[in-house]
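Reading the structure
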Amino acid sequence: MPLSRRGGSMANFFTARENIHNSTARICGDEAAHILRVLRMKKGDALTVCDMEGFFYDGIIESIENKDILVSIGERYAAQSEPDVFLTLYQAVTKGTKMDLVTQKATELGVSRIVPVLTKRSVAKMESANKAERLCRVAMEACKQSRRGRVPEISGVITFEEAVEEMKESGLAVLLYEDEATLSLRKALEGSNVRSVSLFIGPEGGFEADEVALARSVGIKSASMGKRILRAETAAISACAIAMYALGEMGD
């Protein structure tokens, strides 16, 4: 049975590494339900299995056992879509479904970790475990769409002070601030060859001056994104795209 197409246009599905043994992978839960009930795939259909740790396996549905799907798989191969840089997005909690949009697009762009943060001007709260679970689902679906091999980590909500403490350990840490007059995001990233980058995007009302001062005091750079004021979700998506491009992760 040839299993060497290396993904191609086949649908890909996630399963934990512990569900992969020798030449067989087990897909269960929501993923299996989607395969059976929505896509109506059956024995003999081809698909790609991802172990969520950066590897793919092309395979054929072998059997269905108690709502689990057993897949006969070929040799594993590394996902070509995973970035070399580890980009963490610290995103001030936004209103409505904007966090969903940010999570989706950041995942597609290659962000490795997304951290919701409560700042002084954060209007929205994110205390429900259901919201965090929803963001995880959004990230997983975005991974499938963009054919990533790893699902970004969705952190629990932290405070501004906690975010600053984490960010200062990055190879490069940048807080996006609309009142920054001297440094642009492009220049902050220019010539950087670090493999660990953190970006901090504020809420709808922006950061307060004392928050920016605290970040600067521990070595975090503040940078602007130009003359126009962007919505929080637009700033997050744009900043991630700019960073990935500047760090060589989006084309030559």
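Further up the page is the structure itself.
Residues numbered from 1 in each chain as written. Predicted model: local features only at pLDDT ≥ 70, side-chain atom pairs only at ≥ 80, totals over all residues. Heavy atoms only, no water.

1. Examining the packing of aromatic side chains
Applicable threshold: Planes of paired rings set the category: under 30 degrees apart is stacked, over 60 is edge-to-face and the rest tilted, where pairs are Phe, Tyr or Trp rings (Trp by its six-membered ring) whose centres lie within 6.5 Å. Under the scheme used here, helices are H or I runs from DSSP no shorter than 4 residues and strands are E runs no shorter than 2 residues, and both carry numbers assigned from the N terminus. Type-normalised accessible area, obtained with a 1.4 Å probe on protein chains alone, sets the label of each residue: buried when under 20%, exposed when over 50%, and partly exposed for intermediate values. In this analysis the charged atom, NZ for Lys or CZ for Arg, is taken to sit over a ring once it is within 6 Å of the ring centre and within 35 degrees of the ring normal.
In this structure the tally under the stated criterion is five aromatic pairs. Aromatic side chains Phe-56 and Tyr-77 sit 6.0 Å apart centroid to centroid with 45° between the ring planes, which places their arrangement in the tilted category. Placement of the pair is Phe-56 in strand E5 (residues 55–65) and Tyr-77 in strand E7 (residues 77–78), with a sequence separation of 21 residues. Across the pair, Tyr-77 and Phe-56 agree in class, each one buried. Within the aromatic cluster, the residues linked to one another by ring pairs are Tyr-90, Phe-160, Phe-200 and Phe-207. Its guanidinium or amino end placed over the ring of Phe-55, Arg-76 lies 3.9 Å from that ring's centre, counting from NZ or CZ. Taking NZ or CZ as reference, Arg-147 lies 4.6 Å from the ring centre of Phe-56, over its face.

2. Topic: the packing of helix H4 (residues 160–167) against helix H6 (residues 209–217)
To keep it simple, the criterion reads: In this analysis an axis means a line fitted to C-alpha atoms, helices contributing only their contacting stretch, and an angle means the value between N-to-C directions, from 0 to 180 degrees. Our angle categories are set so that under 35 degrees counts as roughly parallel, over 145 as roughly antiparallel, 65 to 115 as roughly perpendicular, and the remainder as oblique. Crossing handedness is read from the near helix: turned anticlockwise from the far helix by less than a right angle, it gives a left-handed crossing, and turned clockwise, a right-handed one. When checking whether two residues touch, look at their non-hydrogen atoms; a contact exists if any pair is within 4.5 Å. Asp, Glu, Lys and Arg are counted as charged, while Ala, Val, Leu, Ile, Met, Phe, Trp, Tyr, Cys and Pro are counted as nonpolar; the rest, among them Gly, fall into the polar class.
The N-to-C vectors of H4 and H6 enclose an angle of 25°; their axes lie 10 Å apart at closest approach. The orientation of H4 relative to H6 falls into the category roughly parallel. Considering only the axes of H4 and H6, their crossing is right-handed. Residue-level contacts link Phe-160, Glu-161 and Val-164 of H4 to Glu-211, Leu-214 and Ala-215 of H6. Looking at side-chain class alone, the contact of H4 with H6 contains four nonpolar, no polar and two charged residues.

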